[in-house]
Amino acid sequence: MAMADRMVADGYREAGYEYVHIDDCWAAPQRDENGKLQADPQRFPSGMQALADYLHEKRLKLGIYTDIGYDTCEGLPGSEFYMESDANTFAEWGVDLVKTDGCNADLKEMDISYPAFGFYLNNTGRRMVYGCSWPAAQIVLGKMQPNYASIRQHCNIWRNFLDVQDSWENVKGVFKFYGENKQNFANFSGPGGFSDPDQLLMGDYGLSIYQQKAQFGMWAMMTSPLFMSVDLRTIDPKAKAILLNKNVIAINQDPLGAQGIMLYGISNSLSVWRKPLAVKGSFAIAFLNEDDQGRPMPFSIHLGDIGLTNVNGYNVTNIFDNIHMGYFKPTSTLNVLIDPTSIVIVKAVPL
């Protein structure tokens, strides 16, 4: 509840953050006498419906966690054999998002079990965002190739990769996975369904402020759900400023919903990414510098070399800093300076 209060008071809700999500360990170790999930009485003495009501009064939404297997990752009751009951319980409580993990489950059966749970959620009549760990479990645990067409059909957001950790090396691993774009999974993102590379790390302890900027910028380019993972009561002002950057959020929330892709990498440090935007012919272009050496990296490029070929040229703006950089033809040279372990994002709008 304290986080919800801060989301409202400190401008996060108005910036677009609307879900308060509770992850694993919210549930009691046993179901009740009727087989229903119940909240841990020590952690949530008033129960989940009261929490949902509190959030809804503040124009926020409640997200909750379950597992497609017999137990959650932390050994609490999962939804296997209880899918219809759990879906109805979440709807009765007023839940708005259900994250469904993939621990303690048969990986091959996920092609059936995840769509089945989605059916029961839809059948409640309550609109709930359905988050799936279906591809992540199959890729990481089973070395399987997920059926992204089916995942897109049945899930609203889907985890593709390992849990993100509060370290730069781990975050770089996420960049690498999304840059490789195996099976062209980026093509399946769009309104109603998006890849989810896990939570944001702004305000935590493992990333520098430059690296936090890089993660936020890349999550925007990848059209990823933006879930904060920080105590908003004590967040560093610089981290808060990143989270509330309205220009970067606008790139993330662009109504076209396209996932940005890596065009190419240079050595092991610099990569160039492009994301099409809703305004016809517009793009967000990201220059990601993973190098940790002690000085900024200069980089120059012709817009035409990355597919921006409008003969009339483009109006180019630095997104993070909201600085107009000028008007550029496809043959013009765009110069950027990227801090170590950081990012520059520009928006190019055709003239």
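Look a little higher up for the structure.
Okay, so let's go over this structure.

Conventions adopted
Residues numbered from 1 in each chain as written. Predicted model: local features only at pLDDT ≥ 70, side-chain atom pairs only at ≥ 80, totals over all residues. Heavy atoms only, no water. Helix = DSSP H or I, 4+ residues; strand = E, 2+ residues; numbered from the N terminus. Rg over C-alpha atoms; globule rule 2.2 N^0.38 Å. Buried < 20%, exposed > 50% of the residue type's maximum accessible area, 1.4 Å probe, protein only. Patch = residues over 30% accessible without salt bridge, like charges linked within 9 Å, V, L, I, M, F, W, Y side chains within 5 Å. Areas by Shrake-Rupley, 256 points an atom, 1.4 Å probe, with all protein chains shown as cover. Salt bridge = Lys/Arg side-chain N within 4 Å of Asp/Glu carboxyl O. Pairing = 2+ DSSP bridges. Axes fitted to C-alpha atoms, helices over the stretch in contact; angles between N-to-C directions. Parallel < 35°, antiparallel > 145°, perpendicular 65-115°, else oblique. Left-handed = near helix turned anticlockwise from the far one by under 90°. Contact = heavy atoms within 4.5 Å. Nonpolar A, V, L, I, M, F, W, Y, C, P; charged D, E, K, R; others polar. Disulfide = S-S within 2.5 Å.

1. Some remarks on the overall build of the protein
Phase 1: Of the regular secondary structure elements, the protein holds 11 helices and 14 strands.
Phase 2: Radius of gyration (C-alpha) of the protein: 21 Å, near the 20 Å computed for a compact globule of 351 residues.
Phase 3: Projected onto the principal axes, the alpha-carbon positions of the protein cover approximately 70 × 45 × 35 Å.
Phase 4: Looking at the 351 residues of the protein, the share that counts as buried comes to 51%.

2. Some points on a nonpolar patch on the surface
Phase 1: Together, Tyr70, Phe81 and Tyr82 give the surface a local cluster of nonpolar side chains, amounting to about 390 Å² of exposed area.
Phase 2: Relative to the helices and strands, Phe81 is located in the loop between β2 (61-67) and α4 (83-93).
Phase 3: When its relative accessible area of 72% is taken as the criterion, Phe81 is described as exposed.

3. Focus on the pairing of strand β12 (residues 323-328)
Two faces belong to every sheet, and in a regular strand the side chains alternate between them.
Phase 1: Across five bridges, the pairing between strand β11 (residues 314-318) and β12 is antiparallel. Bridge pairing in β12 places Asn315 opposite Tyr327.
Phase 2: Linking β11 back to β12 in an antiparallel pair, the connection comprises four residues, with Asn322 at a positive phi of about 55°.

4. Things to note about the packing of helix α8 (residues 168-180) against helix α9 (residues 209-221)
Phase 1: At a closest axis distance of 11 Å, the pairing of α8 and α9 adopts a crossing angle of 20°. When the axes of α8 and α9 are compared, the pair comes out roughly parallel. The two elements α8 and α9 meet at a crossing, and its hand is left-handed. Residue-level inspection shows Trp168, Val171, Val174 and Phe175 of α8 in contact with α9, the latter providing Gln211, Ala214, Gln215, Met218 and Trp219.
Phase 2: Here the residues of the contact of α8 with α9 sort into seven nonpolar, two polar and no charged.

5. Digging into the state of the cysteines
Phase 1: Applying the stated rule across the entire model yields two disulfides.
Phase 2: Between the sulfur of Cys73 and that of Cys103 lies a disulfide, 1.9 Å long from S to S. Negative torsions about the S-S bond denote left-handed disulfides, and the value of about 85° found for Cys73 with Cys103 makes this one right-handed. With Cys73 in the loop between β2 and α4 and Cys103 in the loop between β3 (97-101) and α5 (110-123), the pair connects residues that are 30 residues apart, well separated along the chain.
Phase 3: A residue is classified by how much of its surface remains accessible, and Cys103, at 23% relative accessible area, is partly exposed.
Phase 4: Through a disulfide, Cys132 is tied to Cys155; the S-S separation comes to 2.1 Å. Looking down the S-S bond of the Cys132 and Cys155 bridge, the torsion is -95°, so its handedness is left-handed. Taken as a pair, Cys132 in strand β4 (residues 129-132) and Cys155 in the loop between α7 (148-154) and β5 (157-159) lie far apart in primary sequence, 23 residues in all.
Phase 5: This cysteine, Cys25, is not joined by any disulfide, and Cys73 carries the nearest cysteine sulfur, 9.6 Å off.
Phase 6: For Cys25, a relative accessible area of 24% gives the class partly exposed.

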